[in-house]
Amino acid sequence: MSADSTRDRRGPLFGAPAPQNHGKVDPESLERENDQNIAALGERVGFLRNITSGIHGETESHHAVLDRMAMGMGSVGLGLGGAVGKFNKVMDDPQGRRTVYIAIGITAALFLLYIWWR
């Protein structure tokens with residue numbers, strides 16, 4: 001069956017004028033055409049099912065990766081929370097604050113020397 005004849009019969013559905021030939025159509029040929037169209041539609045549905053199954057599998061694997069990352073980030077957050085707590089204790093003490101300022105100054109000086117000699 002040609003694409004033109006299919007388009008001619010479907011035209012009125014989309015607002016095109018009806019075809020001019022009003023000849024009889026063999027019911028068996030229409031049945032064969034319907035069977036072919038149903039088979040083609042079944043193939044497309046199977047293809048789409050495979051695609052959605054693949055998407056589902058990828059989504060599940062990405063969810064597992066994100067869950068593992070969330071667990072890892074939770075332990076990092078706990079570690080950072082402990083470090084921030086200790087840093088706050090050091091900054092509350094005047095002697096500790098002076099030590100932090102000296103460490104920052106030495107680090108800045110070394111960085112500037114590195115930039116200058118590079």
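Look a little higher up for the structure.
A short tour of the structure in this document, coming up. (Residues numbered from 1 in each chain as written. Predicted model: local features only at pLDDT ≥ 70, side-chain atom pairs only at ≥ 80, totals over all residues. Heavy atoms only, no water.)

**Focus: the packing of helix H2 (residues 27-92) against helix H3 (residues 94-117)**
Then step 1. Where H2 meets H3, the closest approach of the two axes is 5 Å, and the angle between their N-to-C directions is 105°. As judged from the angle between their axes, H2 and H3 are roughly perpendicular. Every residue of H3 that contacts H2 at Phe87, Val90, Met91 and Asp92 is listed here: Pro94, Gly96, Arg97, Val100 and Tyr101.
Then step 2. Its residues assigned to classes, the contact of H2 with H3 comprises six nonpolar, one polar and two charged. (Axes fitted to C-alpha atoms, helices over the stretch in contact; angles between N-to-C directions. Helix = DSSP H or I, 4+ residues; strand = E, 2+ residues; numbered from the N terminus. Parallel < 35°, antiparallel > 145°, perpendicular 65-115°, else oblique. Contact = heavy atoms within 4.5 Å. Nonpolar A, V, L, I, M, F, W, Y, C, P; charged D, E, K, R; others polar.)

**Quick notes on a nonpolar patch on the surface**
Then step 1. There is a patch of nonpolar side chains on the surface, built from Ile102, Ile106, Leu110, Leu113, Trp116 and Trp117 and spanning about 750 Å² of accessible area.
Then step 2. Here Ile106 shows up in helix H3. (Patch = residues over 30% accessible without salt bridge, like charges linked within 9 Å, V, L, I, M, F, W, Y side chains within 5 Å. Areas by Shrake-Rupley, 256 points an atom, 1.4 Å probe, with all protein chains shown as cover. Salt bridge = Lys/Arg side-chain N within 4 Å of Asp/Glu carboxyl O.)

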